[in-house]
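# Tertiary structure, described
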Amino acid sequence: MTTASSLRRDPALTARFLDRVRDLLGPRGLTDDPDLLLPWLTDWRGRYTGRALAMASPASTAEVAALVQLCAEFGVPLVPQGGNSGMAGGATPDASGTAIILSLRRMNAIRTLSADDGQVICEAGVVLQSLQNAAEAAGMRFPLTLGGKGSATIGGLIATNAGGTQVLRHGTMRAQVLGLEAVLADGSVFDGLAVLKKDNRGFDLKQLLIGSEGTLGIVTAACLRLLPAPTGRVTIWAGLASITAARSVLQRLQARLGDVLEGFEVVPAHCLASVLAHQAGARAPLAQADPWNALIEFVTSGDDPVALREAVETVLGEVLEQGLIADAVIAANEREAEAFWALRDGISAAERALGPAMQHDISVPVEKMPEFILAASPALEARFPGCRAVAFGHLGDGNVHFHVLAPAGAVAGVWEETEGKTISAAVHDLVRDWGGSISAEHGIGQMKVDELARLADPVRLGMMRAIKQALDPAGLLNPGKLLRA
Ligand code: FAD
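Residues numbered from 1 in each chain as written. Predicted model: local features only at pLDDT ≥ 70, side-chain atom pairs only at ≥ 80, totals over all residues. Heavy atoms only, no water.

### Digging into the overall build of the protein
Each helix and strand in the protein was counted, giving 18 helices and 18 strands. Relative to a compact globule of 485 residues, whose C-alpha radius of gyration would be 23 Å, the protein shows 23 Å and is just as compact. The principal-axis extents of the C-alpha atoms in the protein amount to approximately 75 × 55 × 45 Å. The proportion of buried residues among the 485 residues of the protein is 52%. Considering only intrachain contacts with a sequence separation of at least 6, the fraction spanning at least 24 residues in the protein is 74%. With the model as given, the accessible surface of the protein reaches about 20,500 Å², and the carbon-plus-sulfur share is 54%. (Helix = DSSP H or I, 4+ residues; strand = E, 2+ residues; numbered from the N terminus. Rg over C-alpha atoms; globule rule 2.2 N^0.38 Å. Buried < 20%, exposed > 50% of the residue type's maximum accessible area, 1.4 Å probe, protein only. Contact = heavy atoms within 4.5 Å. Areas by Shrake-Rupley, 256 points an atom, 1.4 Å probe, with all protein chains shown as cover.)

Here it is as structure tokens:
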């Protein structure tokens, strides 16, 4: 087998490899034009930039399989890429320029959709928003959504086991995947698309691929579950005095309306102010600025949406009376509900515009989250003067995005690599001490690969390395991500 290093030393070999790929995929299937490659060499946050030999864009599972075989023959590493909306640099190649980007975006067909069976089979490159639209057109819904839905693809969502804002009720991507098709490192195709309610033939291999970040196989298609379309939803923006009050409200709502409680997101005053300053047309839902806000959503698919609204109003009245909520507004219509969600979904973009920040996507046991935020934020701000710690997101899942914003004047690109790294290590140490995870939903990518190696239980790491070695012995699938060689 040729290796990546021999390819680097031998331009003629590189040219031969690219000719073979071009023959295989046709002119639409391969580009090495630097201008066309450029947007795909940097991650969404602008934190990582790499180089690539070229970008291959196969149009079918057979083409992916043949391409992977060719890469194995020439020893060329592959970096799978969907919408490039990932938050951990997992889809960005390294700086060596020896890898090719394997874009799944041309594989964007919905193969079948059955409202009767509540199932859809779609290719890896289908964008989440397109799937949601297709489900809606069939009177159904796909019960997972997130801020990057306009670019995130099904393959990327599966590869990162994405979460989002409905996990509280419907689970992560893992819970949505009924079957999977993937190309393995030797070019063979794992056909696990058939849906069997019961199947005990040993390991559940699709679960191994979900969340493997392109390091064990290339997801080419998936069978996903659909639910009946909602008949009613009630969306509330509430102002709160503290994160502890937010948790108490969540508990009350879960006890009373748990089967229809779909989302419970927390937004601190600082994040709301950033979005209001950054997002065109954004308006604060409440007259007063409270230290914390909660975006709460209830959804029903039942026959009586009016009953849902009445039930929510009753419980909301109770928590207001108990003083747990300072003020609240129920969205009057769909437009207003969408405007509330736009405030929540706009946090990442607004924060990106503010300047450098170290982002941590962490979880601790749900019941400990308020205590964690109250302890960790001041501790970090005291240790790193001028920094500001903000926590927002999925309180109901025990998962917040815990970001530490750089002090004024910090130089982007330098600060992250110096003080930023020390800050991340400090945050992750705290998370470990509180029994949590350094990656609740974004994955490890290249961003947290060293931190995982530093902090993970050696037994867990050993099992992961053994699986990687068994399925990708040459280490060509997304090298440097999730696990170092
Ligand atoms: P990419 O970014 O292209 O790739 C991500 C990883 O998956 C990489 O390691 C890549 O190699 C691998 N990969 C991609 N496609 C395949 C494939 N077909 N086979 C094998 N491996 C593959 N995520 C959440 O979980 N929750 C949120 O609430 C959330 N909010 C977001 C808000 C915004 C504004 C944005 C921009 C992103 C948000 N994300 C969130 C992150 C992001 O949308 C997810 O990580 C998404 O799952 C990645 O999909 P993608 O197609 O863009 O994948």
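### Details of the sheet that holds strand 2 (residues 54–56)
Pairing in this open sheet of four strands is mixed, and the strands run 1-2-4-3 from one edge to the other. Where the open sheet ends on each side, the last strands, each with one partner, are strand 1 (30–31) and strand 3 (78–81). Bridging between strand 1 and strand 2 involves two bridges; their strand directions are antiparallel. Directly across from Thr31, in strand 2, lies its bridge partner Met55. The strands touched by helix 4 (residues 61–74) within the sheet are strand 2, strand 3 and strand 4 (100–103), with strand 4 carrying the most contacts at an inclination of about 165 degrees. (Pairing = 2+ DSSP bridges. Axes fitted to C-alpha atoms, helices over the stretch in contact; angles between N-to-C directions.)

### With respect to the pattern of salt bridges
Inspection of the entire model under this criterion finds 22 salt bridges. A salt bridge links Glu262 to Arg169, with the nearest nitrogen and oxygen atoms 2.9 Å apart. With a gap of 93 residues between them, Glu262 in strand 13 (residues 261–268) and Arg169 in helix 7 (residues 167–170) connect regions that are remote in the sequence. Glu262 sits in the buried class, given a relative accessible area of 1%. (Salt bridge = Lys/Arg side-chain N within 4 Å of Asp/Glu carboxyl O.)

### Topic: the pairing of strand 17 (residues 388–394)
Buried residues dominate strand 17, accounting for six of its seven residues. Across seven bridges, the pairing between strand 17 and strand 18 (residues 399–405) is antiparallel. Across the sheet, Gly393 pairs through a bridge with Val400, a residue of strand 18. The loop that links strand 17 with its antiparallel partner strand 18 comprises four residues; one of these, Gly398, has a positive phi angle of about 65 degrees.

### With respect to the nonpolar core
Ile236, Phe264, Ile296, Phe298, Phe372 and Phe402 are the most contacted members of the largest nonpolar core, which has 59 residues in total. The element that contributes the greatest number of residues to this core is helix 10 (residues 243–257), accounting for seven residues. Setting aside residues up to four positions removed in sequence, Ile236 forms contacts with Ala294, Leu295, Ile296, Phe298, Val312, Leu316, Ala328, Val329, Ile330 and Phe340. Phe17, Ala65, Val68 and Ala185 belong to the second-largest nonpolar core, a separate cluster that totals 27 residues. (Core = buried A, V, L, I, M, F, W, Y, C linked by side-chain atoms within 4.5 Å.)

### Some points on the sheet that holds strand 10 (residues 218–225)
In spatial order, the strands read 5-6-10-8-9; together these five strands make up an open sheet with antiparallel pairing. Since the sheet does not close on itself, it has two edges, and those belong to strand 5 (110–114) and strand 9 (189–192), each with one partner. The average undirected angle you get between the axes of adjacent strands in this sheet is 15 degrees. Most of the contacts of helix 4 go to strand 8 (residues 177–183), to which it runs at about 45 degrees, and overall it touches strand 5, strand 8, strand 9 and strand 10. In the packing of helix 5 (residues 128–137) onto the sheet, contacts are made with strand 5, strand 6 (119–123) and strand 10, and the angle to strand 5 comes to roughly 35 degrees.

### Brief notes about helix 11 (residues 269–278)
Here helix 11 has its buried residues at Cys271, Leu272, Ser274 and Val275. The buried residues of helix 11 occupy one face: seen down the axis, they fall within an arc of 160 degrees. Buried residues belonging to helix 11 abut strand 12 (232–240), strand 13, strand 14 (292–300), helix 13 (334–345), helix 14 (347–354) and strand 17. (Arc of directions from axis to C-beta.)

### Quick word on the site of the ligand
The ligand sits among 35 residues. The nearest are Pro80, Gly82, Ser85, Gly86 and Thr153. Within the backbone of Gly156, a nitrogen or oxygen atom sits 3.4 Å from an oxygen atom of the ligand. Within the backbone of Glu213, one N or O atom sits 3.3 Å away from an oxygen atom of the ligand. Within the complex, the protein chains bury 96% of what would otherwise be the 970 Å² of accessible surface of the ligand. Examining the composition of the shell around the ligand, we find that four residues originate from one element, helix 6 (residues 154–159), more than from any other. (Near = heavy atom within 4 Å. Polar contact = N/O pair within 3.5 Å; in protein donor to acceptor, adjacent residues only side chain to side chain.)

### Digging into the packing of helix 2 (residues 11–25) against helix 4
At a minimum axis distance of 10 Å, the contact between helix 2 and helix 4 shows a crossing angle of 165 degrees. One finds that helix 2 runs roughly antiparallel with respect to helix 4. Handedness of the helix 2/helix 4 crossing: right-handed. Counted together, Leu13, Arg16, Phe17, Arg20, Val21, Leu24 and Leu25 of helix 2 and Glu63, Ala66, Leu67, Leu70, Cys71, Glu73 and Phe74 of helix 4 form the full contact between these two elements. (Parallel < 35°, antiparallel > 145°, perpendicular 65-115°, else oblique. Left-handed = near helix turned anticlockwise from the far one by under 90°.)

### Structural notes on helix 18 (residues 458–471)
Compared with an ideal rise of 1.5 Å per residue, which puts 14 residues at 20 Å, helix 18 spans 20 Å between its outermost C-alpha atoms and is within 8% of the ideal. Capping the start of helix 18 is the job of one residue whose side-chain oxygen sits 3.0 Å from the backbone nitrogen of Val459: Asp457. (Expected span 1.5 Å × (residues − 1).)

### So, the packing of helix 10 against helix 15 (residues 369–383)
The description of two packed helices rests on the angle between their axes and on the distance between the axes. At a closest axis distance of 9 Å, the pairing of helix 10 and helix 15 adopts a crossing angle of 170 degrees. As far as their axial angle goes, helix 15 and helix 10 are roughly antiparallel. Residues Ile243, Thr244 and Arg247 of helix 10 pack against Pro370, Ile373 and Leu374 of helix 15. Per-class residue counts for the contact of helix 10 with helix 15 are four nonpolar, one polar and one charged. (Nonpolar A, V, L, I, M, F, W, Y, C, P; charged D, E, K, R; others polar.)

Purely spatial values, then, with no claim about function.
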